[in-house]
Amino acid sequence: MRDTIVALATPSGVGAIGVIRVSGEKSFEFSKKLLRIPGERSISFRHMYNGKLYSCNTDSVIDEVLYAFFKSPSSYTGEDVVEIFCHGSPVILNEAIQAFIALGARVARPGEFTERAYLNGKMDLLRAEAINDIIHAHTPLAKTLAMNQLLGRISDVINCIHAQILDLLSQLEAAIDHGDIEESFITPDEIRERLCVVIDKIQNLLKTTLSGKLIRNGIRAAIVGAPNVGKSSIMNALLQKDRVIVSDIPGTTRDVIEDELNIMGIPVKLVDTAGIRDSKDYLEQRGIERSRKAAEESDVCIVVMDASRSVNEWDEKLLSIVREKKNIYVLNKVDLEQKTTISKLKDLYGLDFYPVSAFRGSGIESIEKALKDYYFSLGYNPVFDVLIANARHESLLRKTLEYMNRALKALNDNYSEEFIASDVRRARLSIEEITGKTTDETILDRIFSQFCIGK
Ligand SMILES: Nc1nc2c(ncn2[C@@H]2O[C@H](COP(=O)(O)OP(=O)(O)OP(=O)(O)O)[C@@H](O)[C@H]2O)c(=O)[nH]1
Ligand SMILES: [Mg+2]
């Protein structure tokens with residue numbers, strides 16, 4: 001039995017309610033003490049009780065609460081679990097957690113509840129990962145993708161490939177035991193056919209990865225330009241909220257600021273940056289360095305120029321920095337008297353700029369459409385039923401495919417069945433890593449550390 005862990009399962013901060021979750025061998029014992037439930041009273045599991053939560057060893061009431069007991073193995077983690085619904089006050093929730101710690105519970109690591117669920121066989125690794133993806137999904141499509149994974153659709157496909165590999169392996173091993181492949185029940189042609197069926201299935205799954213990743217991760221768009229051209233104003237207009245400070249003082253934005261945007265179901269991470277220019281100010285310099293990095297790391301840049309002034313050396317410098325990238329060019333402040341025009345920019349640089357006034361909100365939809373067109377130009381294909389969106393799954397599928405192709409080559413080159421079987425064995429291990437049948441502890445740590453605390 002593992003030790004008893006406790007954590008806040010709802011977001012920290014003020015709210016209507018806050019849920020404390022406790023899991024482990026002593027979760028019932030600790031809860032009965034703090035909730036003052038007499039020992040002889042039998043508990044109905046999965047039943048909501050109303051009562052008071054007390055501090056450890058004192059008579060002071062932490063809160064009036066609702067609570068429920070879940071008996072192992074019929075709980076989220078597979079262990080004895082107690083969930084306590086408190087008023088959503090950070091002070092109360094902290095006191096509640098401290099009361100459990102005083103009795104010997106430990107604060108859970110991020111994702112530890114789900115990790116225990118996985119370790120106790122409540123779900124495979126694919127489903128555990130899906131839970132995190134559902135929580136972090138920013139669009140309905142990304143949520144549906146993660147929900148399909150949680151419902152086991154990807155597990156079913158992977159398990160089917162795994163079963164075919166296992167079946168082939170057992171036939172090969174039987175052939176090895178018989179000593180002569182010709183005399184055994186599987187012929188080289190049958191081996192070839194079975195290898196090809198699996199190879200085909202994996203190749204078809206891998207065709208979905210681009211669309212899967214686009215739905216899951218969306219695109220990253222950095223808004224870049226010289227100081228004061230209206231980058232932050234465009235960010236706010238796209239987000240339809242006052243997210244970033246806007247002012248007429250050049251150099252207002254000093255750091256990289258990110259926010260999520262959903263454009264017709266497409267998740268876009270918008271990144272506002274500091275205006276690019278030469279500056280002696282240390283903080284501004286740091287901000288400018290970060291702007292360059294943000295531009296480099298984004299999929300697409302929204303390059304902004306100011307119509308109310310002539311093109312200057314910083315605009316030109318910026319164009320040379322981002323020239324190699326995929327860009328959406330925007331001429332902002334077209335509501336003012338124009339010293340720079342769309343046609344002038346076309347003549348100077350051969351580039352097509354969208355006319356925008358962040359101030360009036362005009363032209364913003366053309367930036368949204370350009371982002372959407374860029375997204376679809378990347379090869380998103382909505383026809384797939386099961387999509388592979390996770391880089392870990394993709395790399396393990398590629399590994400499995402490589403071993404299956406090696407096995408096929410060994411067969412075609414007339415190598416003995418031992419050689420073929422050794423590659424198929426490796427393919428088996430790779431596919432088992434996806435569902436978590438044979439996943440290394442450090443990889444598990446990495447996966448679960450990305451979860452929220454309390455999940
Ligand atoms: N008339 C007009 N003014 C605008 C427009 N967009 C932005 N501004 C004004 O231009 C000034 C600079 O806007 P910001 O959005 O802060 O510009 P920025 O590019 O983020 O500036 P830095 O963060 O300093 O690099 C502010 O006074 C805005 O109100 C526009 O479309 N029309
Ligand atoms: Mg700004």
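Everything numeric in this text was worked out from a predicted model, so none of it was measured.

> Just checking my understanding: could you explain the layout of surface pockets for this structure?
Empty space among the atoms becomes apparent when a probe as large as a water molecule is rolled across them. The volume enclosed by the largest pocket comes to roughly 400 Å³. The wall of the largest pocket is formed by 24 residues, among which Asn228, Gly230, Ser233, Val246 and Ser247 lie closest to the centre. Here the lining of the largest pocket gets 3 residues from one element, more than from any other, and that element is helix 9 (residues 231-239). Of the residues belonging to the lining of the largest pocket, the class tally is 8 nonpolar, 12 polar and 4 charged.

> Please explain the packing of helix 4 (residues 125-136) against helix 16 (residues 441-449) as it appears in this structure.
The description of two packed helices rests on the angle between their axes and on the distance between the axes. Viewed as axis vectors pointing N to C, helix 4 and helix 16 meet at an angle of 25 degrees, and their least axial separation amounts to 10 Å. By the angle between their axes, helix 4 is roughly parallel relative to helix 16. Between helix 4 and helix 16, the residues in contact are Leu125, Ala128 and Glu129 and Leu444, Ile447 and Phe448, respectively.

> How should I be thinking about the pairing of strand 2 (residues 15-23) in this particular structure?
Remember that side chains alternate between the two faces of the sheet whenever the strand is regular. When strand 1 (residues 5-8) meets strand 2, the two strands line up antiparallel, connected through 4 bridges. Bridged to Leu8 within strand 2 is Ile20. Where strand 1 folds back onto strand 2 in an antiparallel hairpin, the turn is made up of 6 residues, including Gly13, whose phi is positive at roughly 110 degrees. Pairing between strand 2 and strand 5 (residues 81-88): 8 bridges, direction antiparallel. Paired with Arg21 across the two strands is Glu83, which belongs to strand 5.

> Can you walk me through the site of ligand 1 in this structure?
As a structural note, the neighbourhood of ligand 1 is formed by 23 residues, with Lys231, Ser233, Gly251, Thr252 and Thr253 the closest of them. The contact in question runs from a nitrogen atom of ligand 1 to an N or O atom on the side chain of Asp335, over 2.8 Å. A distance of 3.4 Å separates an oxygen atom of ligand 1 from a polar side-chain atom of Ser357. Here ligand 1, which alone exposes 650 Å², has 89% of that area covered by the protein. With respect to the pocket detection grid, ligand 1 is positioned in the largest pocket. Residue contributions to the shell around ligand 1 peak at 3 residues, all from helix 9.

> Got a minute to help me understand the nonpolar core in this structure?
Looking at soluble globular proteins, one finds that nonpolar side chains tend to be buried together. Grouped together as the largest cluster of nonpolar side chains are 36 residues, with contacts concentrated most on Leu270, Ile302, Ile367 and Leu371. Tallying contributions element by element places helix 13 (residues 364-377) first for this core, with 6 residues. Per-domain counts for this core show at least three residues from each of domain 2 (132-208 + 386-436) and domain 3 (216-377). The residues touching Ile367, leaving out its near neighbours within four places in the chain, are Ile234, Leu238, Ile302, Ile328, Val330 and Val356. Formed by 34 residues, the second largest nonpolar core is a distinct cluster that contains Leu169, Leu401, Ala407 and Ile431.

> Would you take a moment to explain the packing of aromatic side chains for this structure?
Here a ring pair, both rings aromatic, is described through the centre-centre distance and the interplanar angle of the planes. Evaluated as defined, the whole model comprises 9 aromatic pairs. Through successive ring pairs, a cluster of aromatic residues spans Phe28, Phe45, Tyr49, Tyr67 and Phe69. The aromatic ring of Phe113 is capped on one face by Arg21, whose charged end is 5.5 Å from the ring centroid. Directly above the aromatic system of Tyr76 lies the positively charged group of Lys455, at a separation of 4.8 Å from the ring centroid.

> Would you mind showing me how to read the domain arrangement of the protein here?
Much of the literature gives interface size as the accessible area that the parts lose upon coming together. Its domain assignment divides the protein into domain 1 (5-119), domain 2 (132-208 + 386-436) and domain 3 (216-377). Put simply, the middle of domain 1 and the middle of domain 3, counted by C-alpha atoms, are 48 Å apart.

> Could you clarify how one ought to interpret the coordination of the magnesium ion (ligand 2) in this entry?
The reference angle at a metal is 109.5 degrees if four donors form a tetrahedron and 90 or 180 degrees if six donors form an octahedron. Looking at the metal site, the magnesium ion (ligand 2) is ligated by Ser232 (OG) and Thr253 (OG1), spaced 2.0 to 2.1 Å from it. On the criterion of sequence distance, the pair formed by Ser232 in helix 9 and Thr253 in the loop between helix 9 and strand 8 (257-263) is long-range, its members being 21 residues apart. We classify Ser232 as buried; its relative accessible area is 8%.

> Can you help me understand the sheet that holds strand 7 (residues 219-225) in this one?
Each strand in a sheet pairs with another by means of backbone hydrogen bonds, the pair being arranged parallel or else antiparallel. Overall, mixed pairing links the 6 strands, which are arranged 8-9-7-10-11-12 in an open sheet. The open sheet is flanked by strand 8 and strand 12 (353-355), the only strands paired with a single partner. If you compare each strand with its neighbour and ignore which way they point, the axes differ by 30 degrees on average. In the sheet, strand 11 (residues 327-332) pairs with strand 12 via 3 bridges, with the strands oriented parallel. Paired with Tyr329 across the two strands is Phe353, which belongs to strand 12.

Basis of the calculations
Residues numbered from 1 in each chain as written. Chains lettered and ligands numbered in written order. Predicted model: local features only at pLDDT ≥ 70, side-chain atom pairs only at ≥ 80, totals over all residues. Heavy atoms only, no water. 1 Å grid on protein atoms, 1.4 Å probe; cavity = no way out; pocket = protein on both sides within 12 Å on 5 of 7 lines; lining within 4 Å. Points joined across faces, edges and corners; volume = space filled by probe spheres on them. Helix = DSSP H or I, 4+ residues; strand = E, 2+ residues; numbered from the N terminus. Nonpolar A, V, L, I, M, F, W, Y, C, P; charged D, E, K, R; others polar. Axes fitted to C-alpha atoms, helices over the stretch in contact; angles between N-to-C directions. Parallel < 35°, antiparallel > 145°, perpendicular 65-115°, else oblique. Contact = heavy atoms within 4.5 Å. Pairing = 2+ DSSP bridges. Near = heavy atom within 4 Å. Polar contact = N/O pair within 3.5 Å; in protein donor to acceptor, adjacent residues only side chain to side chain. Areas by Shrake-Rupley, 256 points an atom, 1.4 Å probe, with all protein chains shown as cover. Sits in = over half its atoms within 2 Å of the grid points. Core = buried A, V, L, I, M, F, W, Y, C linked by side-chain atoms within 4.5 Å. Buried < 20%, exposed > 50% of the residue type's maximum accessible area, 1.4 Å probe, protein only. Domains from an automatic or database assignment. Phe/Tyr/Trp six-rings, centres within 6.5 Å; stacked < 30°, edge-to-face > 60°. Lys NZ or Arg CZ within 6 Å of the ring centre and 35° of its normal. Donors = N, O, S within 2.8 Å, 3.2 Å for Na, K, Ca; no water.

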